[in-house]
Each structure stands twice: as C-alpha cells, then as structure tokens.
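Residue strings, one per chain:
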Amino acid sequence: MQEHRPIELPEIISEANLLTEEERRSIPARIRRLLASAAEIRDPGRDVRLREIVAEGGRRGVFDRDRFGISGLIRSLDSAIEFCHRVSPDRSVITAMLLYRMVPCGLLTEKEIAKEWGEDVARLVEGLNQAAALYQRGTPTESENFRRLLMVFAKDIRVIIMMIVERLVLMKMINHHPSERLVRDIAVESNYLYASLAHRLGLYSIKSELEDMSLKYTDRETYTSIARQLNERKNERDAYIYAFIEPVKQKLEAAGLKFDIKGRTKSIFSIWNKMKKQKNDIDHIYDLFAIRIIIDTPRDREKSDCWLAYSVVTDMYQPNPSRMKDWISIPKSNGYESLHITVAGPEGKWVEVQIRTRRMDLVAEKGLAAHWRYKGIKSEASLDSWMNNVRDILEAAESGPMELMRNFKMDIYDKEVFVFTPRGDLFRLPAGATLLDFAFNIHTRIGSQCTGGRVNGKNEKLTYRLRSGDTVEIQTSPNQKPKPDWLNIVVTSKARTKIRQTLKEAENRSGDLGREMFMRRLKNRKLEFDEARLSRLANKMGYKSMSDFFHEIAEERLDTAEVIDRYVDFDAKETEVKPAVSAEQFDLSLSHSDESDARGESSDVLIIGNDIKGINYRFAKCCNPIYGDDVFGFISAEGVIKIHRSDCPNARNIRERYPYRVITTRWSGKAGSQMVATLRVVGNDDIGIVTNITSIITKEKDVTLRSISIDSNDGLFQGHLSVGIQTNAALTALIKKIKTVKGVKDVTRSM
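(A) Just the overall build of the protein chain, in detail. The helix and strand inventory of the protein chain stands at 27 helices and 20 strands. Counting the 751 residues in the protein chain, one finds 49% classified as buried. For the protein chain, restricting intrachain contacts to residue pairs at least 6 apart in sequence, the fraction spanning at least 24 positions comes to 69%. When the accessible surface of the protein chain is split by element, carbon and sulfur atoms take 48% of a total near 37,200 Å².

Set out below in structure tokens:
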C-alpha cells in the first residue's frame, strides 16, 4: 500500500480559497475539535488520504461559498463535529460529510469512493447527493410527499440524520445573513421539515434548537421578548428550583437511589406554543421549567427504580393525575421512555418532573432507538411492539447502534413511488403505477385522452412503470378514448374507476344511438314499437339489458333488419329460435312458411337457387320488392328465405357479413297479385295537388292506393303513398305520371 506523507493543517487551510482571514484562523481549531470528537474512530492511514482529498477539493473550488455565502469547508467540518456530539462518532458518516460535495463537481465518483473508502461511505454519499438534487427541482418542501420522497432518496436513515445535523449547522450560521427573506424561508422549512423529522427520530435536543431558531428568524420580536423575560426571572427561577430539588434529593438518597437531578427551562418555542394555546402571557404560564431525575440503575431494575422515585416525589408534592404520562410501560413509537408527572410545588406552582434512567436519557437526547423508527414498519398498530424488540437488540449490541444501522436500509416507502411534473409538482402513487395511472391522477380528462408521455425526456408508452424521481410529461389527443384493455394497464383504483365510468358512459351513448337507429328503421317500415315485446326478444337472444342490446346494434354486431324481422314475427310463446344455416345446408325442398304473405307454387314468380321453383319464401319488409326488381334471397336466423331488393339498405351488410346465407334469386313467368310499394312525393303545398295525385293513381289499371300520409311545412308538403302494384315497370310508369302533376317537385320510391 502506498505510503502518504502527513499533510499539516496549514496546507489544508491554504487550499481553502475564498476564505476570510477570520475563517482561516478558525479552521485549525475546528479540525482539532473534529479530531478530538472522533478520537475513538480515527484511522491514521485513512486520515492522511482524507486530508489529501480535502486539500485537492480546496484547490478545485469544491469548498467555495454556497448560495448562503457560507464556506463549504467550514460547513462540512462543523456538521461532522455536530454529528459526533449530538448523535455518535461514526467514521463512515464523517467521511461522507467531507467527501459528498466532490462528486457533483467531478473530483471523485461514487465508484472511486466505494473502492477507496468502502460501499458504506459510497451509499451515504449517494444519498446526500440525491437529496441535494431533489432540492434543485424547486418542489415545495412543505408537502408531505416531499418528506416521503426525501426518505426514498436517502435510502439510509443515517443520511436523514446527517441532513438534520447539517440543517442545524446552517441555521446557526445564517443568524446575521443580509437577506431576511432567505433566512425566513430557511427557518420555515427547518421548522416544518427538519424539526418534524428530528422529533420522529427522537432527536429532541436538535428538534428544540431548530424550533427556537425558527421562531427567532420568523418572529424575532416575540423570541426576544420571551428570552428577555426568562433572563430577568433567572435568579428567581433558580431559587425556586433549588427549593424544590433539595428536599427531593434527600428523600431519593434515603431511598438508596443513585441519581442526578437538575432543573431545565423549557424551550422558547415550547413556551410560545403554550402562550398561544392558553391565550396567556408568560406571567401566567407556570410550567416554564421541568425537573429531571436521571437514575443510575441496572437494566433489570429500571422500571422499579423509576416508580420508586415517582412515589418519593408524589409523597412530597400533590400530583395532578390528569397530567400523568407513563412512557415507561408503553414507550413512544420513536423509542422515548420516561415518566412525566406534574405536581404542586412550593407556593402552589405546578412543576413538571421527568423521571428516567441513564439509558433512557441517552435515547431521549440522541434518539438511538429512534434510528429504527422506519425499518420494516408498515403500520402504526405494530410499531410499539416492534420498537420494544428493537430496543433489546440495541442494548445488547456490543458495537453500538451506529454499527447496527449500517446493515439496514430505509424501505418505509418501498410500496410507493414519487414522480414530478415538468413544473416540479410532486405526486405520490403506489408502486407499480403506470404512466396511465399518473395521467388519471392529474385529471380524468387528461387520463381519458392520454396517448403516452415523456419520462425524463424520453418517449414512453402508457404501460411504462413509474420510478421515484421520474419527471413525467403527459401527451394527449382529443381523438383518444379509453379502451377496455386499459383496465389491464392501471393499478390505482381511481384510474380503474374512471376508465370503467367512461366506458359505461360511452356504452350508454352507443345504446342511445342504437335505439335511435332501431326506431328509425321501425318507422320507415311503418311498424309500431312495443317495448315489452322487444325486451322479451332481447332477453331470448341472450342480452341481460336493453342497453347492451342497443349497444350491439350501434356497433353493427347485430343486423338491424334481421332484428326487426324477428321482432315482427316474435311470439311470446316461442321457446326456441331456430339456428341459422348456410345456403348449402338449407334444404330447399323442405322449406315452408305459415305466414300469410308467404308465396309458393300458386304464385310461382321466383326461381330460387339452381332453377328450383315452388319454394316458399317471404318478401322482406325493409325494402318491399315487387316483380321486376333486381332481388336476392337470404336465409334468415329463423331459417326462412327472405327476398330483398339488391338496393335494399341492408343488402351490403348482408352480403359482407353473411355471404354463405345468400341465395341467387330471379323472377320467372308473369306477374301475379299486387305487391306493396311506397312512394315519397315532395311538392308545393297547393290546393288540390293531393287530389290530382290520388286521381292519377285511381285511374291506373291494376293499381290500388292503400294508404297516404301527408306532412306540410313552410309551403311544402311531403307525402308517403303506399300502393298495390304488380310490376316494377308499372311502378316506373306511375312515378312518371305523378311527376307531371303541377306543383310536384320529386317522386321517389322509398324503402
């Protein structure tokens, strides 16, 4: 292994450019404090290399001033010192604090750090830099999602503690910063985010200090006023604490306990909160301080000795039962253990007394058990019992809790992902959520029109699985609509519900369209609508609802003409619909019909199939063919041959979907009885025009006027004439004659 020449402190200082003279003079003292604080974890060989890297960082400008105007070197050194004092000396943490700024500038890579200082240091450096990158997105830090994503990015609980300590150092350094707005923003963020995290981790002394400084920077007048009043009453308060403590000490000693007892003034922030809640000034806030009794006792006697001290205090002073807090029997979720009682002391003033053991005090001050707060816990219900087990592990660990912490990663939010919009807005979704889930999470309309998106600048499909830290931009199209297979893509209940809802709405609209189509066809064929009859038919065809039935018509999966034919012929007593057969399977010789309009040998004017005559058939009511029309035969679902005109509205659909059921048909012989044809006449609404039209029809030989309906509007009339006529040629001749009537504009044959 290469030997390194020890680097003296002046060399490091000389490389730290842009330092003031005062800062340069302070660095040797800071380094000595760090070496002293970390004495138990020092490694001379590695320390030399670390000094070399720090010196190189100084030359490269790594430790230049940050946006707060603070030297990076001084901030790193102070953070490392603070971590040793506030938490615990840890070589990986100290090394990471001094090295992590060197990765973004390219002086070191995480791989190089892992190779030279170990994977543990590299993981901490990665967590610190990822958390720093999160801030650069400009996402509001006051959101709960930001706090959760910070946890995800950190990966290691020590990274969060390091960030809390760094924030404490920063808060101490910005007291006289010229930008009041910047100081205020940092103070608000520190109180909301970092003090809250410190509380949840059991780092109470850091929490209190962050809260106090936050109040100081956001409301300096209030802070100064409370601090001044506390200072003015210091002598009075000290005398009262002494009068309270002395008799208690004697009783505790008589009980055989080894202990320390001291009085502690509550934090300014805590006092300010009490003033707000109680709506009183400081003169009427009585519990401005707390008495703390710290007992030296073996682990197996902790509870009994704490309760012994409790009995001593409550025998001397009257307790307030409503303010009794037993966190020994049931510790807080972050590992905090203590007995809190409030008693009426001398002069009847209420005094809070906290009773705990030396071990409990260490946990309360440095939050050792709280390091495990987030490991493997998925529900608050199991937290307390789990923490009890963790405390046993911590206390039994010979190498200390910081060593144990190395083996655990933060996976509290491994079932969630946190993603950004291009504007920096932060969203939380369950793990496995797709780009389509994200689109619906933003807005139903965006989700419904989503065609894909750009994730971290790269085009991705709807099925892309989101990862924490992704920046997602949704792409939409007004022509896009939800599809049934989208239900297989999304995982969130919100997206699934919205997709189902949208599909149902589309189906309902389609059903309305199908109903309209069906009613229009019925009207064209002059048929009455019987909803009960149609409902029975739909049920017999296997549809659970009329909505589904009409939806199939709208989607053209049902032939409207066929449905109407079945509707016309449907009998409520019918028990089974005959299966449809192909033209090849149909036995023409056995075909028959009992219908009144069926034709057979007596009126043999059609040749169906291969020149076969004498076959029973039926004329389709959708087009009403007459002798001479170009026609074809169609075997319907009921097994009946129906004759359609070649220009029938349903002809194209029939030929495309059921070519195997189409039979060649042609006219033969002479025309027989009259057949029904419908004419549509449009003309001026003149007096006598209808009379003239009907006069022509009645004068025609072998033509019968069966029905007539007239509608007039804005000087025009439109009429439908139903006539009995024998041939297509006769109908053509009749149309020509009607067109000669004065005022008639158009005459056409309708279906």
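(B) Here's a closer look at helix 10 (residues 180-200). For helix 10, built from 21 residues, the straight-helix expectation of 30 Å at 1.5 Å per residue is met to within 8% by its first-to-last C-alpha distance of 29 Å. Taking the largest bend as the criterion, helix 10 deviates by roughly 40 degrees, centred on Ser 190. Positive backbone phi, at 80 degrees, marks Gly 202, one or two positions downstream of helix 10.

(C) View of the sheet that holds strand 17 (residues 675-684). Taken in spatial order, the four strands of this open sheet run 18-19-17-20, and their pairing is antiparallel. Bordering the open sheet on either side are strand 18 (704-713) and strand 20 (744-750), each of which pairs with just one other strand. Across the sheet, the mean angle from the axis of one strand to that of its neighbour is 20 degrees, orientation sign disregarded. Lying on the sheet, helix 27 (residues 728-739) is in contact with strand 17, strand 19 (716-725) and strand 20; it crosses strand 20 at an angle near 160 degrees.

(D) Structural view of the side chain of Ser 448. Tracing the backbone through its elements, the reader meets Ser 448 in helix 20 (residues 444-448). Residue Ser 448 is classed as buried on the basis of its relative accessible area, which comes to 11%. In this structure Ser 448 touches Phe 440, Gln 480, Lys 481, Pro 482, Trp 486 and Thr 502, once residues within four positions along its chain are discounted.

(E) Molecular detail of the sheet that holds strand 15 (residues 641-645). Across the sheet, five strands lie side by side as 12-16-14-15-13; this open sheet has mixed pairing. The open sheet is flanked by strand 12 (606-608) and strand 13 (618-619), the only strands paired with a single partner. Alignment of strand 14 (residues 631-635) against strand 15, held across five bridges, turns out to be antiparallel. Following the sheet pairing, Gly 633 is matched in strand 15 by Ile 643.

(F) Spatial organisation of the packing of helix 6 (residues 110-117) against helix 7 (residues 119-136). Relative orientation of the contacting elements helix 6 and helix 7 amounts to 150 degrees, with a least axis distance of 7 Å. Comparing their axes, helix 7 and helix 6 come out roughly antiparallel. As helix 6 runs across helix 7, the sense of the crossing is right-handed. Residues Glu 110, Ile 113, Ala 114 and Trp 117 of helix 6 touch helix 7, and the partners they reach there are Glu 119, Val 121, Ala 122, Val 125 and Glu 126. Class assignment of the residues belonging to the contact of helix 6 with helix 7 gives a composition of six nonpolar, no polar and three charged.

(G) Up close: helix 2 (residues 21-37). Helix length check: helix 2 (17 residues) gives 25 Å between terminal C-alpha atoms against 24 Å at 1.5 Å per residue, within 8%. Its axis deflected by about 30 degrees at Ile 27, helix 2 carries its strongest bend there, up to four residues before the proline Pro 28. Those residues of helix 2 that fall on the buried side of the exposure criterion are Glu 23, Ser 26, Ile 27, Pro 28, Arg 30, Ile 31, Leu 34 and Ser 37.

(H) How the structure looks around unusual backbone geometry. Despite not being glycine, Asn 456 shows a phi value in the positive range, around 55 degrees. Here Asn 456 lies in the loop between strand 9 (450-455) and strand 10 (458-460). Residue classification places Asn 456 among the partly exposed positions, given a relative accessible area of 47%.

Reading the values: the criteria
- Residue positions are given per chain, counted from 1 along the sequence in the order it is written.
- Totals for whole chains, interfaces and linings use all residues, but because this is a predicted model, local features are given only for residues with pLDDT of at least 70 and pairs of side-chain atoms are given and counted only at 80 or more.
- Calculation of side-chain values draws on the structure's entire complement of heavy atoms; hydrogens and water are dropped beforehand.
- Strands here are runs of E lasting at least two residues and helices are runs of H or I lasting at least four, both read from the DSSP assignment and numbered beginning at the N terminus.
- Buried means the residue's accessible area, taken with a 1.4 Å probe over protein chains only, is under 20% of the maximum for its type, while exposed means over 50%, and partly exposed covers the values in between.
- Should any heavy atoms of two residues lie within 4.5 Å, those residues are counted as being in contact.
- All accessible areas in this document rest on Shrake-Rupley with a 1.4 Å probe, and a residue is counted as covered only by the protein chains that are shown.
- Multiplying one less than the number of residues by 1.5 Å gives the expected span of a helix.
- At every residue, the bend is computed as the angle between two fitted axes, covering the seven residues ending there and the seven beginning there respectively.
- Paired strands are those between which DSSP finds at least two bridges.
- Angular values range over 0 to 180 degrees, each being the angle between N-to-C directions of two axes fitted as lines to C-alpha atoms, with helices fitted over their stretch in contact.
- The scheme is simple: roughly parallel for angles under 35 degrees, roughly antiparallel for over 145, roughly perpendicular for 65 to 115, oblique for anything else.
- Less than a right angle of anticlockwise turn of the near helix away from the far helix marks a crossing as left-handed, whereas a clockwise turn marks it as right-handed.
- For this classification, Asp, Glu, Lys and Arg are treated as charged, while Ala, Val, Leu, Ile, Met, Phe, Trp, Tyr, Cys and Pro are nonpolar and the rest, including Gly, are polar.

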